[in-house]
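Residue-level listing of the chains:
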Amino acid sequence: SPTRTLSQILVLIRAFQAYIPFLVDNYNAKYGTDLFLRYGWGVSMGPVQTLGQQQVKDLFDIAPGGASLLDGSLPEGLTEFIGSCVVRASRLCGFARPEGIVIDAEAFPELPAAEPFALRNAQVQMKGFSAPLPVWASPSILAQDGLILNGELPIPAVRHANITC
């Protein structure tokens, strides 16, 4: 069910959020840097198509004169995912920056009972969509332009640029 799938996704997000500071601290200690990483999460669900390594290579081998646009070989086992679901999740990720979560409420109409992020119902107006998209959004990003809280005073909605993660 979508609710069970979302529950599993939220567990993975929580685990990643707990683990990434450890990785960054180790990297900073090893290389003497002061790197700081934050992640925004855009979540949707739907059909996607995959392009295998040869299909991806073929897409780049269309330069004038038959020359390849690739500098070298592709990593073994490369798979690319394409489809409107990928685009939707990517655009939601743009709203989720710098470290929030925005979930497609059309794909996931119900939140899991034990949802740990205090997600709120809102709407976003995205490029390429005529009507606002219902979403679940984390409190850390609810004050951003482009988000409208349902049932509360609206936050000014603006069209958001196509930002990908």
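A. Quick peek at the overall build of the protein chain. Per the secondary structure count, the protein chain includes three helices and seven strands. By sequence separation, contacts in the protein chain at least 24 residues apart represent 67% of the contacts at least 6 residues apart. In the form shown here, the protein chain has an accessible surface area of approximately 10,100 Å², with 59% of it arising from carbon and sulfur atoms.

B. Structural view of the environment of Phe-117. With respect to the element layout, Phe-117 can be found in the loop between strand S4 (101–104) and strand S5 (120–124). A residue is classified by how much of its surface remains accessible, and Phe-117, at 12% relative accessible area, is buried. The spatial distance from the C-alpha of Phe-117 to the C-alpha of Ser-138 is 6.4 Å, given a sequence separation of 21 residues. Excluding anything up to four places from it in sequence, Phe-117 contacts Leu-10, Ile-13, Arg-14, Gln-17, Ile-101 and Pro-139.

C. How the structure looks around the layout of surface pockets. Of the volumes computed, that of the largest pocket is approximately 200 Å³. Surrounding the largest pocket, Gln-17, Ile-20, Pro-21, Val-24, Asp-25, Leu-35, Phe-36, Leu-37, Arg-38, Tyr-39 and Glu-99 form its lining.

D. The environment of Phe-108, seen in detail. Within the fold, Phe-108 resides in the loop between S4 and S5. Taking the C-alpha atoms as reference points, Phe-108 and Val-43, 65 residues apart in sequence, are found 9.2 Å from one another. In this structure, Phe-108 is in contact with Pro-2, Thr-5, Leu-6, Ile-9, Val-43, Ser-44, Met-45, Ile-103 and Trp-136, ignoring residues within four places of it in sequence.

E. Molecular detail of a nonpolar patch on the surface. A contiguous nonpolar patch, built from Tyr-27, Tyr-31, Leu-35, Leu-37 and Tyr-39 and spanning about 470 Å² of accessible area, is present on the exposed surface. Within the element layout of this structure, Leu-37 appears in the loop between helix H1 (2–31) and strand S1 (41–43).

F. Layout of the confidence of the model for the protein chain. Confidence in the prediction of the protein chain, expressed as mean pLDDT, is 76, and 70% of residues score 70 or more. Here helix H2 (residues 53–60) stands out as the element of the protein chain with the lowest mean pLDDT, 59, in contrast to S4, whose mean of 92 is the highest. Within the model, the stretch residues 63–69 combines pLDDT values under 50 with seven contacts to residues more than four positions away or in other chains. Low pLDDT, under 50, characterises residues 151–165; the stretch is placed with 36 contacts to residues that sit more than four places away or in other chains.

G. Layout of helix H3 (residues 84–96). With 13 residues, H3 ought to run about 18 Å at 1.5 Å a step, and its terminal C-alpha atoms sit 18 Å apart, in line with that. Summarising burial for H3: ten of the 13 residues are buried, a large majority. Looking only at H3, the buried set comprises Cys-85, Arg-88, Ala-89, Ser-90, Arg-91, Leu-92, Cys-93, Gly-94, Phe-95 and Ala-96. Taken together, the buried residues of H3 touch S1, S4, S5 and strand S6 (133–137).

What counts, and at which threshold
Residues numbered from 1 in each chain as written. Predicted model: local features only at pLDDT ≥ 70, side-chain atom pairs only at ≥ 80, totals over all residues. Heavy atoms only, no water. Helix = DSSP H or I, 4+ residues; strand = E, 2+ residues; numbered from the N terminus. Contact = heavy atoms within 4.5 Å. Areas by Shrake-Rupley, 256 points an atom, 1.4 Å probe, with all protein chains shown as cover. Buried < 20%, exposed > 50% of the residue type's maximum accessible area, 1.4 Å probe, protein only. 1 Å grid on protein atoms, 1.4 Å probe; cavity = no way out; pocket = protein on both sides within 12 Å on 5 of 7 lines; lining within 4 Å. Points joined across faces, edges and corners; volume = space filled by probe spheres on them. Patch = residues over 30% accessible without salt bridge, like charges linked within 9 Å, V, L, I, M, F, W, Y side chains within 5 Å. Salt bridge = Lys/Arg side-chain N within 4 Å of Asp/Glu carboxyl O. pLDDT = per-residue confidence, 0-100. Expected span 1.5 Å × (residues − 1).

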